[in-house]
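# Per-entry structural report
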Amino acid sequence: MTSSQTPTRSGESSEPVRILATSPVALIEIDNPPVNATSQAVRAGLLSAIQEIDRNPQTEAVVIACAGRTFVAGADIREFGQPPREPHLPDVINAIEACLKPVVAAVHGSALGGGCEIALACHARVAEPGATFGLPEVRLGLVPGAGGTQRLPRLVGMEAAIDLVSTGRTVKAAEALRLGLVDRLSSGDLRAEAMDLAQEMIGVQPARTGERPVAAMDAHAASAKVAEVRKKARGAEAPCKAAELVLLAADLPLLEGMARERETFLELRSSEQSAALRHAFFAEREVTRVPGLEKVEPRSIQKVGVVGAGTMGSGIAVAFADAGFDVKVVETSESAFAAGQARITDIYDKQVSSGRLTSAVRDERLSSLSYEVGTPSLADRDLVVEAVFEDMEVKRSLFRDLDGVLAPGAVLATNTSYLDIGLIADATARPADVLGLHFFSPANVMKLVEIVKTDATAPEVIATGLAVAKRLRKVPVVCRVCDGFVGNRILARYRQQAEYLLEEGALPQEVDAAMEAFGFPMGPFAVSDLAGLDIAWARRKRLAPTRDPHERYVDVADRLCEAGRFGRKTGAGWYRYTAGKREPDPFVTGLVEEASQRRKVLRRTISVDEIQARIRAAIVNEACKILDERIVERPLDVDVVMMHGYGYPAWRGGPLFEADRIGLKVILDQVNERAPQDGPGWEPAAGLVRRAASGARFYP
Ligand code: 3HC
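The chain carries the name Enoyl-CoA hydratase in an unreviewed UniProt entry, which gives Microvirga aerophila as its organism. Here is the UniProt Subcellular location (unreviewed entry) comment for the chain, exactly as written: "Peroxisome". Of the chain, the UniProt comment under Pathway (unreviewed entry) reads exactly: "Lipid metabolism; fatty acid beta-oxidation."

Within the chain, the secondary structure is distributed over 28 helices and 19 strands. Viewed in the frame of its principal axes, the chain has a C-alpha envelope of about 85 × 60 × 55 Å. Relative to all contacts within the chain whose residues are 6 or more apart in sequence, the contacts with residues 24 or more apart total 73%. Of the roughly 28900 Å² that the chain leaves accessible, carbon and sulfur atoms contribute 53%. Looking at charge distribution, the chain has the averaged site of its 85 positive side-chain charges lying 2 Å from that of its 93 negative ones.

On to the environment of leucine 197, then. Following the sequence through the fold, leucine 197 ends up in helix α7 (residues 190–201). In sequence terms leucine 197 and alanine 61 are 136 residues apart; their C-alpha atoms lie 9.5 Å from each other. Leaving out residues up to four positions away in the same chain, leucine 197 has contacts with Val104, Ala124, Val126 and Arg184.

All right, on to the packing of aromatic side chains then. Summed over all chains, the structure comprises 15 aromatic pairs. With centroids separated by 6.1 Å and ring planes inclined at 75°, the aromatic side chains of phenylalanine 337 and tyrosine 371 adopt a geometry described as edge-to-face. One end of the pair, phenylalanine 337, is in helix α13 (residues 334–353); the other, tyrosine 371, is in strand β12 (residues 369–373), and 34 residues separate them in sequence. Of the two residues, phenylalanine 337 and tyrosine 371, both sit in the buried class. Arranged with centres 4.5 Å apart and planes meeting at 55°, the rings of phenylalanine 525 and tryptophan 574 form a pair that is tilted. Taken together, the residues span a long stretch of sequence, with phenylalanine 525 in helix α20 (residues 524–531) and tryptophan 574 in the loop between α22 (556–562) and β18 (576–578) at a distance of 49 residues. This pair shows no difference in class: phenylalanine 525 is buried, exactly as tryptophan 574 is.

Around the ligand sit 27 residues, and of these Arg69, Ala75, Glu117, Glu137 and Arg285 come closest. Arginine 69 is positioned such that a nitrogen or oxygen atom in its side chain is 2.6 Å from an oxygen atom of the ligand. Note that an oxygen atom of the ligand is positioned 2.7 Å from one of the backbone N or O atoms of alanine 75. Coverage of the ligand by the protein amounts to 77% of the 980 Å² it exposes when considered alone.

Another point: helix α11 (residues 272–286). Structurally, the α-helix is built with 3.6 residues per turn, so residues lying three or four positions apart point the same way. With 15 residues, α11 extends 21 Å from end C-alpha to end C-alpha; this agrees with the ideal 21 Å at 1.5 Å per step. Elements that come into contact with the buried residues of α11 comprise α10 (254–269), α25 (635–646) and α26 (655–662).

Glancing now at the environment of arginine 299. Among the structural elements, arginine 299 can be located in the loop between α11 and β10 (303–307). Residues arginine 299 and alanine 410, 111 residues apart in the sequence, show an inter-C-alpha distance of 8.6 Å. Filtering out sequence-adjacent residues up to four positions away, arginine 299 remains in contact with Gly409, Ala410, Val411, Asp433, Glu460, Val461 and Thr464. At 2.8 Å, the side chain of arginine 299 and the backbone oxygen of glycine 409 are in polar contact.

Residues serine 23 and proline 24 are joined by a peptide bond in cis, for which omega reads -10°. Note that proline 24 resides in the loop between β1 (17–21) and β2 (25–30). Omega for the peptide link from glutamate 86 to proline 87 comes to -10°, which places this bond in the cis form. With respect to the secondary-structure elements, proline 87 resides in the loop between β3 (61–66) and α2 (89–98). Backbone geometry at phenylalanine 485 places phi at a positive 55°, although glycine is not the residue there. Position of phenylalanine 485 relative to the elements: it lies in the loop between β17 (475–480) and α18 (487–504). Backbone geometry places alanine 579, a non-glycine residue, at a positive phi of 50°. Checked against the element boundaries, alanine 579 lands in the loop between β18 and β19 (581–583).

At a minimum axis separation of 10 Å, helix α9 (residues 238–248) and α10 run at an interaxial angle of 170°. Compared by their axis directions, α9 and α10 come out roughly antiparallel. Contacts from Ala238, Lys241, Leu245 and Leu248 in α9 reach Arg260, Glu261, Thr264, Glu267 and Leu268 in α10. A class-by-class count of the residues in the contact of α9 with α10 yields four nonpolar, one polar and four charged.

With five of six residues buried, strand β16 (residues 448–453) is to be regarded as a mostly interior element. Relative to β16, strand β15 (residues 434–439) runs antiparallel, the two sharing four bridges. Across the sheet, histidine 438 pairs through a bridge with glutamate 450, a residue of β16. As defined by bridge partners, β16 adjoins β17 across six bridges and the pair is classed as parallel. Along β17, the bridge assignment pairs glutamate 450 with valine 477. Between the parallel pair β16 and β17, the chain is carried across by helix α17 (residues 459–471), and the sense of this crossover is right-handed.

Taking strand neighbours across the sheet as the criterion, the eight strands line up as β12-β11-β10-β13-β14-β15-β16-β17 in an open arrangement whose pairing is mixed. Of all strands in the sheet, those bounded by a partner on one side alone are β12 and β17. Direction aside, neighbouring strands of the sheet carry axes that sit 25° apart on average. Of the pairings in the sheet, the one linking strand β14 (residues 411–414) to β15 comprises three bridges and is parallel in character. Among the inter-strand pairings, leucine 412 is bridged to a residue of β15, identified as valine 434.

Attention shifts here to the UniProt feature "domain: 3-hydroxyacyl-CoA dehydrogenase NAD binding" (unreviewed entry) in the chain. Under the present numbering, the feature "domain: 3-hydroxyacyl-CoA dehydrogenase NAD binding" (unreviewed entry) in UniProt falls on residues 303–480. For residues 303–480, helix accounts for 41% and strand for 24%, while the C-alpha atoms at its two ends are 26 Å apart.

So, about the sheet that holds strand β6 (residues 124–127). The strand order across the open sheet built from six strands is β1-β2-β3-β4-β6-β9, with neighbouring strands paired in mixed fashion. Taken across any chain shown, the strands that pair with only one partner, and hence form the sheet edges, are β1 and β9 (184–185). In terms of strand pairing, strand β4 (residues 103–107) meets β6 through four bridges, oriented parallel. Bridge pairing in β6 links valine 107 to alanine 127.

Sequence positions flagged by UniProt for "domain: 3-hydroxyacyl-CoA dehydrogenase C-terminal" (unreviewed entry) are, in local numbering, residues 484–577 and 613–672. Between the end C-alpha atoms of residues 484–577 there is a gap of 29 Å, over a span that is 59% helix and 2% strand. For residues 613–672, the helix share is 75%, the strand share is 0%, and the end-to-end C-alpha distance is 13 Å.

Time to look at the domain arrangement of the chain. As far as domains go, the chain holds domain 1 (3–269), domain 2 (303–481) and domain 3 (488–694). Of note, the centres of domain 1 and domain 2, computed from C-alpha atoms alone, are 42 Å apart.

Procedures and definitions
- Residues numbered from 1 in each chain as written.
- Predicted model: local features only at pLDDT ≥ 70, side-chain atom pairs only at ≥ 80, totals over all residues.
- Heavy atoms only, no water.
- UniProt positions renumbered as here; feature names shortened; annotations may be inferred.
- Helix = DSSP H or I, 4+ residues; strand = E, 2+ residues; numbered from the N terminus.
- Contact = heavy atoms within 4.5 Å.
- Areas by Shrake-Rupley, 256 points an atom, 1.4 Å probe, with all protein chains shown as cover.
- Lys, Arg positive; Asp, Glu negative; His and termini not counted.
- Charge placed at Lys NZ, Arg CZ, Asp CG, Glu CD.
- Phe/Tyr/Trp six-rings, centres within 6.5 Å; stacked < 30°, edge-to-face > 60°.
- Buried < 20%, exposed > 50% of the residue type's maximum accessible area, 1.4 Å probe, protein only.
- Near = heavy atom within 4 Å.
- Polar contact = N/O pair within 3.5 Å; in protein donor to acceptor, adjacent residues only side chain to side chain.
- Expected span 1.5 Å × (residues − 1).
- Axes fitted to C-alpha atoms, helices over the stretch in contact; angles between N-to-C directions.
- Parallel < 35°, antiparallel > 145°, perpendicular 65-115°, else oblique.
- Nonpolar A, V, L, I, M, F, W, Y, C, P; charged D, E, K, R; others polar.
- Pairing = 2+ DSSP bridges.
- Right-handed = clockwise from strand over helix to strand, strands pointing away.
- Domains from an automatic or database assignment.

So, in structure tokens, the structure goes:
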């Protein structure tokens, strides 16, 4: 390794960029916790360090490395709301590339956005095997703004660059090496190995990424690629623009391409979509900081039990096994036991066959799971999550059993979607230890977990739920008990309004197309078909005796179920399915028209705008009632639930963020216009009326 000299500093010790060695290989260290974002101070420090090194005759090569847990994770997102300040990142990065001495990036942690762009402009890159690379700007409604769209294709080729830039996907170091984004993986001491490489490069003309040629894509293939990106973006504007910028790299010299890129970056930076996506980014982090729980210590959870290994339970067990917990899966009978074990093995086998997991990792995960019949085997568990049949008596009886078996201090969680968790907790002698952990299907994939507290749940038990969810790498939202909690309660209104639209003149495929154009991955009727119509039917039948007789009720779904159409699994539901493809069905059109006749409604053409606006108003109104009733404490809790659990487009920022943008008076007018026809339950939320009257917003 290069002999390192006494550290010299380009400023005071609090400066975020330091020169730790100068001769013959200099070491520049960026130190700006938590993630070394390129704030103005970092940009200025980096530029002056490079200029200083360029001038120093003792220095023959340079390594750029970072202190702390990661390489540079990008531009400082918190600065995006302010006017850009010099020096700008593209200029700093161009200075790195233009450096007359070889520059090597030593990457650990994440090299994202501006951080990846710094690495791209270095003359070589060494990475730790655990490092990740990516240009995730599109996830913030942006395109890379410091040469990423122009340099990446010069290193990895057009197709790979379009894929990475338009999806924002990150790649691990091994894939980065295969793509040509990284030159070497370190086998131990990253900085020493980067300094060794820099030493080897002394006297060799630096290979500047910006000077490399890039092969153009065939015009037909290029436009097909952009069309594919547009389709997948579902209304988000940044991915297409990013792909188009990458294509320019084949035709334009670096600086011209970068000028076009910068123009687009600045334009998008002040766009509504980017503001919404930035809100989504910070809300996802803020949601875990629950007021009142800041100083509460969670209980230690290592051993987890999952009761019931149906679709939900098996996904939950896999989520815990993936996060390194010791998991015991319990079924009540031998036959259910075998089926559950097969289901879990199948989840892992599918991941191996799709290349997402190696068989060695699958075997390791499977070995962290054990299976038993009967609850007594759960005696040593710190946390038990039940995912048994959705029936109050079944759950209460299970909780009574668990109460008799578990050690004091164990946490008892239910995955119920609708039942009153307070009543389940009352079946035990320790209601303070009971909470809801409401996962979403497939539980090992979906990020959202509703952490449902009752009036009796102890703060440390809620904090434990949050800590566990974080370890599972989920996005937890704390809420109180109500029918459907946050997400399913709002979804119920969404579905009801969608059915009213059918009765008034729309068809399922029209409502679905409108909501897919809105940005949801699937419309409400296609989602129902995927989930299966029978479970909701059983619930409706259960609740029928208590339904308000004045409630506006559309019975098309009941009739579909009576006809044995339970959705995709039976080949027909709101659609019919041929080779897995959904097709509108005249039978359903007939049922919908009959429903209109029964209600004596003259069917009319309903525009896409009306469909979208009515459904959005229904969602916002119910969300506001949830806030009014203090089921959640903050608007961001609702927005996070809707974005992470139900596919509300993140580029709209969630329903309440979007409502602020549209104007609460406008939304209130829409709610008021519908309320008389839609009847009980559709009255405007008090909080919406109050805010609209005073000009207040959900987000100040
Ligand atoms: N700017 C400002 N703050 C940032 C940040 C950024 N780029 N990235 C992360 N942070 C903050 C987070 O808000 C969080 O703050 P908090 O503790 O106050 O909540 C803290 O850093 C830690 O972040 P995480 O909780 O997310 O920590 P993780 O370890 O889970 O994840 C990460 C680390 C993978 C780096 C993740 O934070 C991440 O993905 N960050 C965003 C990366 C990104 O989008 N970069 C592109 C920025 S745009 C850009 O670079 C434009 C350029 O092309 C010009």
